Amino acid sequence: MMTQALELPLHMRRNGLDPVGELALARDGEGVVRVMTPFGVPAYVVCRYEDVRRVLADPARFSSALTPIPGTERMDAEERAKMRAGQLLAADPPEHTRLRRMLTPEFTVRRMRRLEPRIAEIVEAALDDLERAGKSADLVEHVALPVPSLVICELLGVPPADRAAFHARSVRLLDTSLPIEQRVQEQREERAYMAGLVARAQADPGDDLLGMLVREHGHDLTTDELIGIAGLLLLAGHETTANMLGLGTLALLCHPGQAALIRDDPAMVEPAVEELLRWLSIVQSLPPRTTTTDVEIAGQRIPAGSLVICSFPAANRDPALVDDPETLDVTRGAAGHVAFGHGVHHCLGAPLARMELRIAFPALLRRFPALALAEDRLDFRASSIVYGLHRLRVTW
């Protein structure tokens, strides 16, 4: 497997499926390490499980609203305000609470269960497509990407024909190696696209999530907030699950005994999904927080106004969370992991992501019991905020 380039900041470095050993040394040593972000700004990376949870649970001292969105410093005040509107990950309570309260009822476990038959249909159609592609095909192209993309498209009312374009734009938005000028342009193009979707929903609200927001909360949300919410849901709703499906399949192919448990025992599927989420930690971290006062973490003083990054890969492989954390063990379930974050910014779409993964992994392994890697060289998304694979060629 490829080893990621070391010019990345420590919290983004990987060695294939694993965080680099230096990250574990930082966690088990000082617990907090100072890095330079890909955007040229210094930050403190928090590595220990309990410290990560403490930061994420304390928006009063670790603010999301005070953290600049990279690239927006090149915009005027009006455009910066538009870019922040509706962005739950860039808001603190009570503003965050106001926005999230409108969305929470649509993402309950009960509501997500209503989608289960349709998600199962989408998964089976993707597996049919993979089978038609021949004995050697790209699982990312045929399964990992289209399943969550189609689910979130239908949920938000996005035309299926737009999927390829918004996926390509999403990949670029999450790629920290791109010049800041290009990232700013991608932000503007994404917002323009979402503005068109919102305008159509306002003119003729459908039965999808965006239509619901317009009908039930149109008087509470500005157009800019609707655009921001829709953009965040679209980006997060397909990029994270798509990369979990690709990287999770790779992990299972590298651990065939674990894959067999998921394939043969339905009771193993739920704990397996939690363990894969913990072990892979595809979301490197949430956007940085800004300290509102001097704070102390792991015995280190961090001044007010500093950026703080929580490393999910380090926290999820902390021995304080599970015994033998470097080992993938789908039987343990790994309750309490921070793969979906923690506190007020815990992932709103976690029930949907879990359902997609619980349906897709066993369906894939049962349809293709002889599934195997078709190439040795793997192309990881090394510089992406959401870690994953550009492609995964498999055979059966």
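Labelled according to an unreviewed UniProt entry, the protein chain appears under the name Cytochrome P450, originating from Nonomuraea salmonea.

(A) Broad picture of the sheet that holds strand β6 (residues 136–138). What the three strands build is an open sheet, ordered β6-β14-β11; its pairing is antiparallel. Strand pairing shows two members of the sheet lacking a second neighbour, β6 and β11 (372–373), which therefore form its edges.

(B) Inspection of the pairing of strand β4 (residues 42–46) at higher detail. Counted residue by residue, β4 has four buried out of five residues, so it is predominantly covered. As paired strands, strand β3 (residues 32–36) and β4 are joined by five bridges and run antiparallel to one another. The residue bridging R34 from the neighbouring strand is Y44, located in β4. Connecting β3 to the antiparallel partner β4 that follows it, the hairpin turn spans five residues, and G40 within it adopts a positive phi of roughly 80°. With three bridges joining them, β4 and strand β10 (residues 307–310) adopt parallel strand pairing.

(C) A look at the pattern of salt bridges. Counted under the stated rule, the structure contains 26 salt bridges. The salt bridge involving D58 is made with R61; its shortest N-O contact spans 2.7 Å. The exposure class assigned to D58 is buried, which follows from its relative accessible area of 17%. Residue classification places R61 among the partly exposed residues on the basis of a relative accessible area of 27%. Residue E79 is joined to R188 by a salt bridge in which the shortest nitrogen-to-oxygen separation is 2.7 Å. Of this pair, E79 sits in helix α3 (residues 77–84) while R188 sits in helix α10 (residues 180–203), and the two are 109 residues apart along the sequence. Accessibility expressed as a relative area gives 33% for R188, which makes it partly exposed. A single salt-bridge network, built from bridges that share partners, covers E124, D128, E131 and R367.

(D) Representation of the side chain of S64. Mapping S64 onto the fold places it in the loop between β5 (62–63) and α3. S64 sits in the buried class, given a relative accessible area of 2%. In terms of polar contacts, S64 uses its side chain to reach the side chain of R289, at 3.2 Å. A distance of 3.4 Å separates polar atoms of two side chains, one belonging to S64 and the other to H345.

(E) Expanded view of the side chain of T241. Tracing the backbone through its elements, the reader meets T241 in helix α12 (residues 223–254). When sequence neighbours within four positions are dropped, the list of residues in contact with T241 reads P148, A353, E356 and L357.

(F) Fine view of helix α4 (residues 95–103). Every buried residue belonging to α4 is among H96, L99, R100, M102 and L103, and all of these are buried. The arc enclosing the buried residues of α4, seen along the axis, measures out at 155°, which places them on a common side. On its buried face, α4 sits against α11 (209–217) and α12.

(G) Local environment of unusual backbone geometry. In this structure, the amide linkage connecting P93 to the following residue, P94, adopts the cis form with an omega of 5°. Positionally, P94 belongs in the loop between α3 and α4. In this structure, S281 takes a positive phi of about 45° despite not being glycine. Examined against the element boundaries, S281 turns out to sit in the loop between α14 (269–280) and β7 (289–291). Positive phi outside glycine occurs at D324, with the angle close to 50°. By the secondary structure assignment, D324 is in the loop between α15 (312–316) and α16 (350–367).

(H) Region of interest: the nonpolar core. L247 and L280 are the most contacted members of the largest nonpolar core, which totals 110 residues. The dominant element in this core, judged by the number of residues it contributes, is α12, at 15 residues. Contacts of L280, omitting those with residues within four sequence positions, involve R14, L17, M244, L247, G248 and A251. Ranked by size, the runner-up nonpolar core spans 11 residues in total, among them V20, A43, C47 and A314.

(I) Here's a closer look at the pairing of β10. With burial as the criterion, each face of β10 is covered, one bearing L307 and I309 and the other bearing V308 and C310. Here β7 pairs with β10 via two bridges, running antiparallel. From the neighbouring strand, T290 faces β10, where its bridge partner is L307.

(J) Geometry of the packing of α14 against α16. Two numbers describe how α14 lies on α16: the axes approach to 10 Å, and their chain directions differ by 110°. As judged from the angle between their axes, α14 and α16 are roughly perpendicular. Crossing angle aside, the handedness with which α14 passes α16 is right-handed. Across from V269, E270, V273, E274, L276 and L277 in α14, the residues of α16 making contact are R354, L357, R358, F361 and P362. Of the residues in the contact of α14 with α16, the class split is seven nonpolar, no polar and four charged.

Definitions and limits used
For every chain, the first residue of the written sequence is number 1, and numbering continues from 1 along that sequence. Only residues with pLDDT of at least 70 are given local features in this predicted model, and only at 80 or more are side-chain atom pairs given and counted; all residues enter the totals for whole chains, interfaces and linings. As a rule here, side-chain values come from all non-hydrogen atoms in the structure, and water together with hydrogens is ignored. Strand pairing is assigned whenever DSSP identifies at least 2 bridges connecting the two strands. Segments assigned H or I by DSSP are reported as helices when at least four residues long, segments assigned E as strands when at least two residues long, and all are numbered from the N terminus. Residue exposure (1.4 Å probe, protein chains only): buried if accessible area is under 20% of the type maximum, exposed if over 50%, otherwise partly exposed. When a carboxyl oxygen of Asp or Glu is within 4 Å of a side-chain nitrogen of Lys or Arg, the pair counts as a salt bridge. Each polar contact in these results corresponds to two N or O atoms within 3.5 Å; when the atoms are within protein, one needs to be able to donate a hydrogen and the other to accept it, and residues that are neighboring in sequence are counted only if both atoms are side-chain atoms. We call two residues in contact when some of their heavy atoms are within 4.5 Å. Of all possible arcs, the one meant is that of the directions from the helix axis to the C-beta atoms. Take the buried Ala, Val, Leu, Ile, Met, Phe, Trp, Tyr and Cys residues and link them wherever side-chain atoms come within 4.5 Å; each set so joined is a nonpolar core. Under this scheme, a helix contributes an axis fitted over its contacting stretch, all axes are lines through C-alpha atoms, and angles between N-to-C directions fall in the 0 to 180 degree range. Put simply, angles under 35 degrees are roughly parallel, angles over 145 are roughly antiparallel, angles from 65 to 115 are roughly perpendicular, and the rest are oblique. It is the rotation of the near helix from the far one that decides the hand of a crossing: anticlockwise by less than a right angle makes it left-handed, clockwise makes it right-handed. Following the grouping adopted for this structure description, the nonpolar residues are Ala, Val, Leu, Ile, Met, Phe, Trp, Tyr, Cys and Pro, the charged ones are Asp, Glu, Lys and Arg, and the polar ones are all others, Gly among them.

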